[in-house]
Amino acid sequence: MENQQEIQDFCRRYFEAVGAPILVDQEDFLQVELPREIDKELTDRPYYWMYVEAMGQEVPNSVISLAFDPDLEIEGVEKLEFVTLGSFRLNKIIESAQKRGRITRAYQKVSAKPLAPYLMTTFKLSFIADRRRDEIVSYGVHLGNGSVVRDLYDRVEKLAFGAAPSMGMMIQPAALSLPAGYQRLKECLVAEIEGLDHSWAVEAEAHLAQELEQLETYYESLGLVHADEVKSEDEKEKKAALYAAERELRIAELKWRCAPRVQIEPFHFGLLYVADDAVRNTSTGKRLSM
């Protein structure tokens, strides 16, 4: 998902898949009714649902209004939630999609063409420093010849699939196991990440070093301020130990918050049987960027 339109498309597909009625669907805006089980997954109010179910109450379904443009205004809608990468609501939707649809197996509905086995994996990439940027990408590997296809999901999303192969359909054999195919995907993804411009990480390291230096200066100054206090040696040792523990905690917190790193999280797997030309003849032109 590289733009707001793709995020809206992803949300629409999610709500359709989980059976949540979409009440309004227009440019940059979705209004959706949440069945109880979906409400539990997308909202953060477990005590409310514990109370409702303990009391045996029947309550109406919640309705949420999602905006995909931060400046959007809809007449009559007061509570608009802006949905973008990193937002609370989108993170909840991704978590729910992970929980409900982690593995897919599907066969392309096509006649007179052999189907090739592809392992498709969708990854959530997080470029983390003092700021954070998330990106969703999909890769597929041909389990017959090991070739890797970038953005496989975008190439196959409009194809017709079924849960079983059509009568008489030819299936190409797989030479790679699923673990070997997944390893191949990870290697390609890591290679692509390594080829990106990482000046952001260099800048983040410099920023972290500056923050650590300021922190060290602060604790050194505390030592000077309290050096001539009239306290017993035992009290001074206890205070020094307290400051040392606090310093270590703040250093660890600062590194966790600001140290640059790339986090790779696979969250959906698909074993797809697809005609080779359907994959080859589709191009997305997408690439990771920083």
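What you see is a predicted model; the values in this text were computed from it and never measured.

K.L.:
Go over the overall build of the chain with me, naming the residues and quoting the values.
P.N.:
A count of helices and strands for the chain gives 9 helices and 10 strands. In summary, the chain has a C-alpha radius of gyration of 26 Å against a globular reference of 19 Å for 290 residues, an excess of more than 25%. In terms of overall dimensions, the chain has a C-alpha envelope of 90 × 55 × 40 Å along the principal axes. When burial is assessed residue by residue, the chain has 39% of its 290 residues classed as buried. Considering only intrachain contacts with a sequence separation of at least 6, the fraction spanning at least 24 residues in the chain is 71%. For the chain, the exposed surface amounts to about 16900 Å²; the carbon and sulfur share of it is 53%. Across the chain, the mean location of the 35 positive side-chain charges is 6 Å away from that of the 49 negative side-chain charges.

K.L.:
An account of the sheet that holds strand E2 (residues 29–34) is needed here, citing residue identities and associated values.
P.N.:
If you walk across this open sheet you meet the 4 strands as E1-E2-E3-E4, and the pairing is mixed. Each edge of the sheet is formed by a strand with only one pairing partner; in this case those strands are strand E1 (22–26) and strand E4 (80–82). Neighbouring strand axes in the sheet, compared pairwise and without regard to direction, differ in orientation by 25° on average. The sheet contact formed by E1 and E2 spans 4 bridges and is antiparallel. Among the inter-strand pairings, Ile-22 is bridged to a residue of E2, identified as Val-32.

K.L.:
Lay out unusual backbone geometry in plain terms, naming residues and giving numbers.
P.N.:
At Asp-28, a position not held by glycine, the phi torsion is positive, near 65°. Tracing the backbone shows Asp-28 in the loop between E1 and E2. Notably, Asp-151 is not glycine yet its phi reads approximately 55°, a positive angle. Assessed through its relative accessible area of 4%, Asp-151 is described here as buried.

K.L.:
Can you break down the nonpolar core residue by residue, with the values?
P.N.:
Among the nonpolar cores identified, the biggest contains 24 residues, and Leu-115, Phe-123, Leu-125, Val-137, Tyr-139 and Leu-189 are the most heavily contacted of them. Of all hydrophobic cores here, the second largest spans 22 residues; its members include Ile-7, Cys-11, Phe-68 and Ile-136.

K.L.:
Before we move on, can you summarise the packing of aromatic side chains with the specific residues and values?
P.N.:
With the rule as written, the count across this model stands at 8 aromatic pairs. Ring centres of Tyr-107 and Tyr-273 lie 4.6 Å apart, and the angle between their planes is 5°; on these two criteria the pair is classed as stacked. In this pair, Tyr-107 sits in strand E5 (residues 103–108) while Tyr-273 sits in strand E10 (residues 261–274), placing the two residues 166 residues apart along the sequence. You'll find Tyr-107 and Tyr-273 in the same group, each marked buried. Between Tyr-218 and Tyr-219, the ring centres sit 5.0 Å apart and the planes meet at 80°, which makes this aromatic pair edge-to-face.

K.L.:
Any details on the packing of helix H1 (residues 4–18) against helix H4 (residues 88–100)? Residues and values, ideally.
P.N.:
Interaxial distance between H1 and H4 falls to 11 Å at its minimum, and their mutual angle equals 45°. If you check the angle between H1 and H4, you find them oblique. Of the two elements, H1 crosses H4, and the hand of that crossing is left-handed. Contact residues: Ile-7, Phe-10, Cys-11, Tyr-14, Phe-15 and Val-18 in H1; Leu-90, Ile-93, Ile-94, Ser-96, Ala-97 and Arg-100 in H4.

K.L.:
Before we move on, could you go through the environment of Gln-210 and cite the residues and values that matter?
P.N.:
If you trace the backbone, Gln-210 turns up in helix H7 (residues 199–225). Relative accessible area serves as the criterion here: at 45%, Gln-210 is assigned to the partly exposed category. Separated by 128 residues in sequence, Gln-210 and Phe-82 have C-alpha atoms that sit 34 Å apart.

K.L.:
Outline the sheet that holds E5, supporting the account with residue identities and numerical values.
P.N.:
The 6 strands lie next to each other as E8-E7-E6-E10-E5-E9, forming an open sheet whose pairing is mixed. Strands at the two margins of the open sheet, each flanked by one partner only, are strand E8 (148–150) and strand E9 (161–162).

K.L.:
Any details on the confidence of the model for the chain? Residues and values, ideally.
P.N.:
Residues with a pLDDT of 70 or more make up 92% of the chain, whose mean pLDDT is 86. Helix H9 (residues 276–280) is the least confidently modelled element of the chain, averaging 80 in pLDDT, while E2 averages 94, the highest of any element.

K.L.:
Requested: an account of H1, with residues and values cited.
P.N.:
The terminal C-alpha atoms of H1 lie 21 Å apart, and with 15 residues this matches the ideal 21 Å at 1.5 Å per residue to within 8%. Those residues of H1 lying buried are Glu-6, Ile-7, Gln-8, Phe-10, Cys-11, Arg-12, Tyr-14, Phe-15 and Val-18. In this fold, the buried residues of H1 make contact with E1, E2, helix H2 (36–42), strand E3 (62–67) and H4. Sitting at the head of H1, Asn-3 places a side-chain oxygen 3.0 Å from the backbone nitrogen of Gln-5. Gly-19 occupies a position one or two residues after H1 and carries a positive phi of about 75°.

About the criteria used
Residues numbered from 1 in each chain as written. Predicted model: local features only at pLDDT ≥ 70, side-chain atom pairs only at ≥ 80, totals over all residues. Heavy atoms only, no water. Helix = DSSP H or I, 4+ residues; strand = E, 2+ residues; numbered from the N terminus. Rg over C-alpha atoms; globule rule 2.2 N^0.38 Å. Buried < 20%, exposed > 50% of the residue type's maximum accessible area, 1.4 Å probe, protein only. Contact = heavy atoms within 4.5 Å. Areas by Shrake-Rupley, 256 points an atom, 1.4 Å probe, with all protein chains shown as cover. Lys, Arg positive; Asp, Glu negative; His and termini not counted. Charge placed at Lys NZ, Arg CZ, Asp CG, Glu CD. Pairing = 2+ DSSP bridges. Axes fitted to C-alpha atoms, helices over the stretch in contact; angles between N-to-C directions. Core = buried A, V, L, I, M, F, W, Y, C linked by side-chain atoms within 4.5 Å. Phe/Tyr/Trp six-rings, centres within 6.5 Å; stacked < 30°, edge-to-face > 60°. Parallel < 35°, antiparallel > 145°, perpendicular 65-115°, else oblique. Left-handed = near helix turned anticlockwise from the far one by under 90°. pLDDT = per-residue confidence, 0-100. Expected span 1.5 Å × (residues − 1). Polar contact = N/O pair within 3.5 Å; in protein donor to acceptor, adjacent residues only side chain to side chain.

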